[in-house]
Each structure stands twice: as structure tokens, then as C-alpha cells.
Amino acid sequence: ATRGSSSVVVASSPTGLSAGMLVFISATLGAGSDLFYLYGTDQFTHIARCTDVSGTTVTFDRPINASYISGTTQLGYRTTANVTVRKSGVRNISFTKSGSGDGWYFTFEGSDECWAVNCKTYDVNSGQSHVRLYGSYRTEIRHCDMSHMSDLTTSTYILFGDKSSAWLVVDN
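The structure reproduced in this document is the subject of the present report. (Residues numbered from 1 in each chain as written. Predicted model: local features only at pLDDT ≥ 70, side-chain atom pairs only at ≥ 80, totals over all residues. Heavy atoms only, no water.)

Section: unusual backbone geometry
Here's step 1: Although it is not a glycine, Glu-113 adopts a positive phi angle of roughly 55 degrees.
Here's step 2: Its identity is not glycine, yet Asp-123 carries a phi of approximately 80 degrees, on the positive side.

Written as C-alpha cells, this is what we have:
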């Protein structure tokens, strides 16, 4: 897979993959990348929507946006199309932490075109974030007020995104 590619060829025809499903493309990074300490061997992840499957060629809607990929490219997908939450979100809600519980206010995990709009969150514990994106595609965070962290010593974020693509974070 190279920068600008909108298709990959896999070893065998993918069973259960069809147009409209999300595909998760991962690969190792080439020389010069300093991300190994964060992500181990599969530091690159690109999420897109499958537009066609023809034999062993899988085509997707967003071209790969990296030029530092090397090694084996892997393609993943969920075999049951209805397990992905699509076009859903939260709007006009406010949360304030009470006690010392763990967790995130909003987690978008494996979601497709989901959103948080006009939401307010106040206070998260060390090692947590107000919003967590993991394996998500085209998530929108708009007009939200996210503030305060109890402890800034360990990995505490307003927005923590990992292995997600095509976010829109605006006017927060």
C-alpha cells in the first residue's frame, strides 16, 4: 500500500466483506518513523469505507494518506455489518465527575459517522480523557466545552484518538 492508494490486494478473497462496511488497514512503518514506542509493530492504521470487493482487490473511499509504510499491509473488518454503530450521537448533555471512578465521558469505538454536539464535560481522573476515539471513522466533535483534569501526571487528555480516521473537531 502506498500513499494515494485507494485499494489493496489481499492474499485471498475476503469472506463477508461488502461495499459499505468499514475496513481497517494496518501496516508497519518504514525507516525514520519514531512511532514504534507507541504502537509496536502495527503503527499505521487507516480506516475507510469499502466501496467494492472484486476477487482479492478491496477498494475503499479514502486514499491512504501516508508515504512511510513498509512491510506487510493487513486488512481487517467486522464480519457482521450490523455490529458497527452508524450515524448516532449525543447532543445537549452535561456531565460532571463524582467520586473517583474510571472511564471516559464519551467513547466512540468502531463507530461510523457518529457525533457529540453541544456537550459539556467537567473533570476527569489521571489516565482518562473527556472523549476517546478508537477505531472510529468520520467522528464529529462540535461546540463542546470540555474542561478540567484532576491530575495531569499520567496520560490525561481532552480528546484521545487512536487508530481512527477522518475526524472533524471544530469550535470547541
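The discussion continues.
Quick look at the side chain of Ser-165
Here's step 1: Positionally, Ser-165 belongs in the loop between β14 (157–162) and β15 (168–170).
Here's step 2: Polar side-chain contacts of Ser-165 include one of 2.9 Å to the backbone nitrogen of Ile-47.
Here's step 3: When neighbours within four sequence positions are excluded, Ser-165 is seen to be in contact with Thr-45, His-46, Ile-47, Arg-62, Ser-136, Tyr-137 and Arg-138. (Helix = DSSP H or I, 4+ residues; strand = E, 2+ residues; numbered from the N terminus. Polar contact = N/O pair within 3.5 Å; in protein donor to acceptor, adjacent residues only side chain to side chain. Contact = heavy atoms within 4.5 Å.)

Thoughts on the packing of aromatic side chains
Each aromatic ring pair is specified by the distance between its two centres and by the angle formed by the two planes.
Here's step 1: Applying the stated criterion across every chain, the model contains three aromatic pairs.
Here's step 2: For the ring pair Phe-95 and Phe-106, a centre distance of 5.6 Å and an interplane angle of 75 degrees mean the geometry is edge-to-face. In this pair, Phe-95 sits in strand β7 (residues 94–96) while Phe-106 sits in strand β8 (residues 106–109), placing the two residues eleven residues apart along the sequence.
Here's step 3: Under the relative-accessibility criterion, Phe-106 is labelled buried at 7%.
Here's step 4: Three or more aromatic residues joined by ring pairs make a cluster, and in this case those are Phe-95, Tyr-105 and Phe-106. (Phe/Tyr/Trp six-rings, centres within 6.5 Å; stacked < 30°, edge-to-face > 60°. Buried < 20%, exposed > 50% of the residue type's maximum accessible area, 1.4 Å probe, protein only.)

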